[in-house]
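Structural features, examined
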Amino acid sequence: MLLIRCPYCEEERPELEFRNAGEAHIARSADIAGESDDDFEKFFFIRSNPKGIIYERWRHMHGCARFFNAVRDTVSDKFLMTYKAGEPKPAKLPGASK
Amino acid sequence: MAKTATRKTVAAAPSAERRAALAGQELSATGVRLAVLPPAERISLRAPEASVAALAKALGVTLPRKPKTSASKAGRTALWLGPDEWLIIDEAGKDPLADCAEVTALHSAVGISHRNIAISVTGPAAAAAVNSGCPQDLSLDAFPMGAASRTILGKVEIVLLRTAEDAFRVECWRSFSDYVFTFLSEATRDAAA
């Protein structure tokens, strides 16, 4: 079982307590009604789906119930780091093979 | 007119008898004992940082700020569930909802006394019994006495509180209580074996 560090509980918890909530750092337009159909499609449907490092939202559903962001490697399924919701994308990743 | 009449009837009728789920059920095996605990008053409390002090004063119990901790005083326990969320359990029969009503600071207190039931798991093999469905580390280092956490047991969500080195309080939703008690009964047999 994977252990995922919850930044609010400040410890590693078993993956069964968590839910994935899709890609992180997707900003909703302030003027959503003024968006063109193409831009809205990009915002609403198109995800990066990379092979490698992905920034995701996760929720500690059966714990503190908070949403947070995680950096995960889709190849190794390893969590590189997690950080609180609202914080900017981390500039440096610990242990990233680049 | 009709409205008044209805109200009167309701007020005059005796309040419905409350039947607690699984009331009084018990199970004993080698090393573990399960018991459904008597009804208690419970509230779900959400409050921002600025209101915590006033609420703690009104409730008469500290609201813990550290994850996975609880505080207890005079039959009332406050369990940390999230950064702005607590579960208050009162076993002394006083209503914490009434205490919160006097606080003017911003907060949300919801009575959930009848939503939850509590099961106590006690004995030297208590941790093993709970661990059969709960993936958390329940060693005394990681989950000491007084530690509390929302987590899962088998397929359902529970709130787990360690009341003593070899005693746990499992809070679950009433509608899941049958599942939880049966699950723990099976786990008890396994832990005893």
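Residues numbered from 1 in each chain as written. Chains lettered and ligands numbered in written order. Predicted model: local features only at pLDDT ≥ 70, side-chain atom pairs only at ≥ 80, totals over all residues.

1. Some points on the domain arrangement of chain B
Residue and element names in this part refer to chain B. Domains assigned within chain B are domain 1 (22–39 + 115–193) and domain 2 (40–112). In this complex, domain 1 contributes eleven residues to the contact, which on the side of domain 2 involves ten residues. Breaking the side of domain 1 that touches domain 2 down by element, the ones donating at least two residues are β8 (116–122), β9 (148–153) and β10 (156–164). Counting residues per element, the side of domain 1 that touches domain 2 draws most heavily on β9, which supplies three residues. (Domains from an automatic or database assignment. Contact = placed C-beta atoms within 7 Å. Helix = DSSP H or I, 4+ residues; strand = E, 2+ residues; numbered from the N terminus.)

2. Side note on unusual backbone geometry
All names here are of chain A. Located in the positive-phi region is Asn49, a residue other than glycine, with phi close to 45°. Here Asn49 lies in the loop between α1 (37–44) and β4 (53–59). One non-glycine residue with positive phi stands out, namely Ala65, at about 70°. For Ala65, a count of 16 C-beta atoms within 10 Å corresponds to the partly exposed category. (Buried ≥ 20, exposed ≤ 12 C-beta atoms within 10 Å, placed from the backbone.)

3. With respect to the sheet that holds strand β3 (residues 19–23) of chain A
Residues and elements named next belong to chain A. Pairing within the open sheet is antiparallel, and its four strands lie in the order β3-β4-β5-β6. This sheet does not close on itself; its edge strands, each paired only once, are β3 and β6 (78–84). Between one strand axis and the next, the sheet turns by 35° as a mean value, whatever way the strands run. Bridge count between strand β5 (residues 67–73) and β6: six bridges; the pairing is antiparallel. Of the residues in β6, the one forming a bridge with Val71 is Met81. (Pairing = 2+ DSSP bridges. Axes fitted to C-alpha atoms, helices over the stretch in contact; angles between N-to-C directions.)

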